[in-house]
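Observations on the three-dimensional arrangement
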Amino acid sequence: MHPGTAAGPGTARRARPPSLAVCPSTHAEAPTGGRTVVLGVTGGIAAYKAVEVCRRLVDAGVHVAPVLTRDATRFVGEVTFSALASEPAHTSLWGGGEVIPHTRLGRQADLVVVAPATARLIGLYAAGISSDLLTATLIATRAPVLVCPAMHGEMWEHPAVQDNVARLAARGVHFVGPENGRLAGGDEGPGRMADPAAIVSAALALLENLPAVGPERNREDLAGVRIVVSAGGTREPIDPVRFIANRSTGKQGHALAAAAHARGADVVLVTAAGVAVPAGVSAEHVETVAEMEEAVVRHAQAADVVVMAAAVADFRPKTPHAEKIHKRDGVPEIVLEPAPDILAELSRLRRDGQVLVGFAAETAGGDDLVERARAKLAAKGADVVVANDVREPGAGFGHDTNAVVVVDAAGGVEWVPLSSKVEVSHRVLDKVVGLRARRGM
Ligand code: CTP
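Everything in this summary refers to the structure shown in the same document. (Residues numbered from 1 in each chain as written. Predicted model: local features only at pLDDT ≥ 70, side-chain atom pairs only at ≥ 80, totals over all residues. Heavy atoms only, no water.)

Regarding its fold elements, the chain presents 14 helices and 19 strands. Across the 441 residues in the chain, those meeting the buried criterion constitute 51%. A separation threshold of at least 6 residues defines the contact pool for the chain, and within that pool the share at least 24 residues apart is 69%. In the form shown here, the chain has an accessible surface area of approximately 19800 Å², with 54% of it arising from carbon and sulfur atoms. (Helix = DSSP H or I, 4+ residues; strand = E, 2+ residues; numbered from the N terminus. Buried < 20%, exposed > 50% of the residue type's maximum accessible area, 1.4 Å probe, protein only. Contact = heavy atoms within 4.5 Å. Areas by Shrake-Rupley, 256 points an atom, 1.4 Å probe, with all protein chains shown as cover.)

Close to the ligand lie 14 residues, the nearest being Met-308, Ala-310, Leu-343, Phe-359 and Lys-376. Met-308 places a polar main-chain atom, nitrogen or oxygen, 2.7 Å from an oxygen atom of the ligand. Against a free-state accessible area of 570 Å², the protein chains account for coverage of 75% of the ligand. Looking at the shell around the ligand, the elements that each hand over two or more residues are α12 (342-349), β16 (355-362) and α13 (366-380). (Near = heavy atom within 4 Å. Polar contact = N/O pair within 3.5 Å; in protein donor to acceptor, adjacent residues only side chain to side chain.)

Once that is clear, we can look at the sheet that holds strand β1 (residues 36-41). Taken together, the five strands give an open sheet; going across it, the order is β2-β1-β3-β4-β5, and neighbouring strands pair in parallel fashion. A strand with exactly one partner marks an edge of an open sheet, and here the two such strands are β2 (63-68) and β5 (174-175). Direction of pairing for strand β3 (residues 111-117) relative to strand β4 (residues 145-149): parallel, over a ladder of four bridges. Opposite Val-113, over in β4, you have Leu-146 as the bridge partner. Seen against the sheet, helix α1 (residues 47-59) touches β1, β2 and β3 and runs at an angle of roughly 175° to β1. (Pairing = 2+ DSSP bridges. Axes fitted to C-alpha atoms, helices over the stretch in contact; angles between N-to-C directions.)

With that settled, consider the sheet that holds strand β18 (residues 401-408). Pairing in this open sheet of eight strands is mixed, and the strands run β12-β11-β8-β13-β16-β17-β18-β19 from one edge to the other. Only two strands of the sheet have a single partner each, and these edge strands are β12 (282-285) and β19 (413-420). Taking each pair of neighbouring strands and ignoring which way they run, the sheet shows an average axis angle of 20°. Taken strand by strand, α12 contacts β13 (305-308) and β16, and its axis lies near 160° from that of β16.

When two helices pack together, their arrangement is given by the angle between their axes and by how far apart the axes lie. In the contact formed by helix α4 (residues 101-108) and helix α6 (residues 133-140), the axes pass within 8 Å of each other and the chain directions differ by 50°. Considering the angle they form, α4 stands oblique to α6. At the point where α4 passes α6, the crossing takes the right-handed sense. Side by side, α4 and α6 meet where Pro-101, His-102, Thr-103, Leu-105 and Gly-106 of the first sit next to Leu-133, Ala-136, Thr-137 and Ala-140 of the second. Residue classes in the contact of α4 with α6 are distributed as five nonpolar, four polar and no charged. (Parallel < 35°, antiparallel > 145°, perpendicular 65-115°, else oblique. Left-handed = near helix turned anticlockwise from the far one by under 90°. Nonpolar A, V, L, I, M, F, W, Y, C, P; charged D, E, K, R; others polar.)

Burial analysis of β18 places eight of its eight residues in the buried class, the great majority of the element. Here β18 shows a buried face lined by Thr-401, Ala-403, Val-405 and Val-407 and a second buried face lined by Asn-402, Val-404, Val-406 and Asp-408. As paired elements, strand β17 (residues 384-389) and β18 share five bridges and run antiparallel to each other. In the sheet register, Asn-388 faces β18, and the bridge partner there is Val-404. Sheet topology places β18 next to β19; six bridges connect them, and they run antiparallel. Bridging from a neighbouring strand, Asn-402 pairs with Ser-419 of β19. From the end of β18 to the start of β19, which pair antiparallel, there are four residues, and Gly-411 there has a positive phi angle of about 95°.

Bringing the packing of helix α5 (residues 119-127) against helix α8 (residues 159-170) into the picture now. One can describe the packing of α5 onto α8 by two numbers: an axis separation of 9 Å at closest approach and a directional angle of 50°. One finds that α5 runs oblique with respect to α8. Like other packed secondary-structure pairs, α5 and α8 cross with a definite hand, here left-handed. On α8, the residues that touch Ala-119, Ile-122, Gly-123, Tyr-125, Ala-126 and Ala-127 of α5 are Val-161, Asn-164, Val-165, Arg-167 and Leu-168.

Our focus in this paragraph is the nonpolar core. Formed by 37 residues in total, the largest nonpolar core has its most connected members in Leu-57, Phe-81, Val-113 and Ile-199. At the level of secondary structure, the elements contributing two or more residues to this core comprise β1, α1, β2, α3 (78-84), β3, β4 and α9 (196-208). When residues no more than four places from it in sequence are discounted, the contact partners of Leu-57 are Val-37, Val-62, Val-64, Val-200, Ala-203 and Leu-204. Grouped together as the second largest cluster of nonpolar side chains are 31 residues, Val-297, Ala-300, Leu-343 and Ala-387 included. (Core = buried A, V, L, I, M, F, W, Y, C linked by side-chain atoms within 4.5 Å.)

A separate point is the side chain of Asn-164. Position of Asn-164 relative to the elements: it lies in helix α8. When near neighbours in sequence (up to four residues on either side) are disregarded, Asn-164 contacts Ile-122, Gly-123 and Ala-126.

One pass over the structure, following the stated rule, counts 24 salt bridges. Notably, a salt bridge pairs Arg-242 with Asp-239, separated by 2.4 Å at the nearest N-O pair. With a relative accessible area of 3%, Asp-239 lands in the buried category. Ionic pairing is found between Arg-350 and Asp-383, a salt bridge with its closest N-O pair at 2.8 Å. (Salt bridge = Lys/Arg side-chain N within 4 Å of Asp/Glu carboxyl O.)

Our next topic: the environment of Gly-128. For Gly-128, the location among the structural elements is in the loop between α5 and α6. A C-alpha to C-alpha distance of 8.9 Å links Gly-128 and Leu-138, two positions ten residues apart in sequence.

Before going further, it helps to examine the side chain of Thr-137. Here Thr-137 is to be found in helix α6. For Thr-137, a relative accessible area of 0% corresponds to the buried category. One polar contact links the side chain of Thr-137 to the main-chain carbonyl oxygen of Leu-133, over a distance of 2.6 Å. Residues within four places of Thr-137 in sequence aside, it is in contact with Val-38, His-102, Leu-105 and Gly-106.

Any functional reading would require information that these geometric values do not contain.
Here it is in structure tokens:
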């Protein structure tokens, strides 16, 4: 199983200069404005990749407190983490002049990341056993936890490990990875730790979704606003076993729903995606355009804002076969018909003051992208269109990051450079809040 992952790179300040000197004076004090990540490292070969995770988090402006298990230090030296992190590496419950370091670390953490997480660590954490500084910190903390498993495929697939992962996931622990790939000893299979960039991306997304620090964003500015978000790619049946689909994974729509909820909105998510439904959001699962149309139009009747982030089919098989089409019957001719355009329909049915937001996945950049977004905005009667160039690395389908241009009916054009889908969501919601304010709402 692959429990859910989260999203992408943030733009926070540096927590400390990139000095490699192991000198206590270069270690920043516990942060005031920034966020603190306790980075737990356990004893697996992937521990060397945790060094990269540490460096990237520090580069993103995060205060990183490394906690290494004894076995981790067999793979990577404590001094490496001490040099790169925001404070010296912690390796023991004992010594260091501090009686209860785990509760301090647990309280200080805005997020705990464990990379790599061995089967042993996952088992101890699931069972609530604290046998060293890292497990004690995990049990003491009330911060969100992101676990990045790494082990041999046989171990990852063992029912005991899978049960432990499921137990932790059910308690709200986040997971990223593992992936399929080359493992220690030249083996191939599931169990390879997720890429450091993906881990950092997931960590930053979790940090971004925490209640705001500082006055930069009023997280209650959508309090009581009813928002419908559609997400994912629709599937149009050809026969009971085949369908026409698209590359959308629903991550952007789900991130939008989470961000709107975090800002106080009452969110209904109509989703064709398999990714986890954010906490606090009520979701309706659909598959086809017809199902999505029915659900979105129904919920839109009472909504202040509708965001069509879903990749809705433009065409669908005219008459899906009731039974499976067999090869022996020859190559089937599939006749397509246009699917209803939900966004255009919403604009015809629009309630007074309702804000309509569309998305546009394009293969164009710069002025061309803006032109296409404007054309879509006008054709569909939306207030805002969020367009991206799917050819851009890291932007669009399947990624935890996106780069978009937000175009509005008043002529506004706002570029959002490559950011996490959570951050992109907030920028879209900032636009919605601004529009509503101009309408006196
Ligand atoms: N959309 C919709 N119903 C459809 C197709 C699209 O509501 N049948 C919505 C999408 O959710 C998105 C916006 O319309 O918010 C733009 O979708 P897109 O497919 O990019 O644009 P289209 O104009 O439908 O088509 P084209 O593929 O030709 O660009």
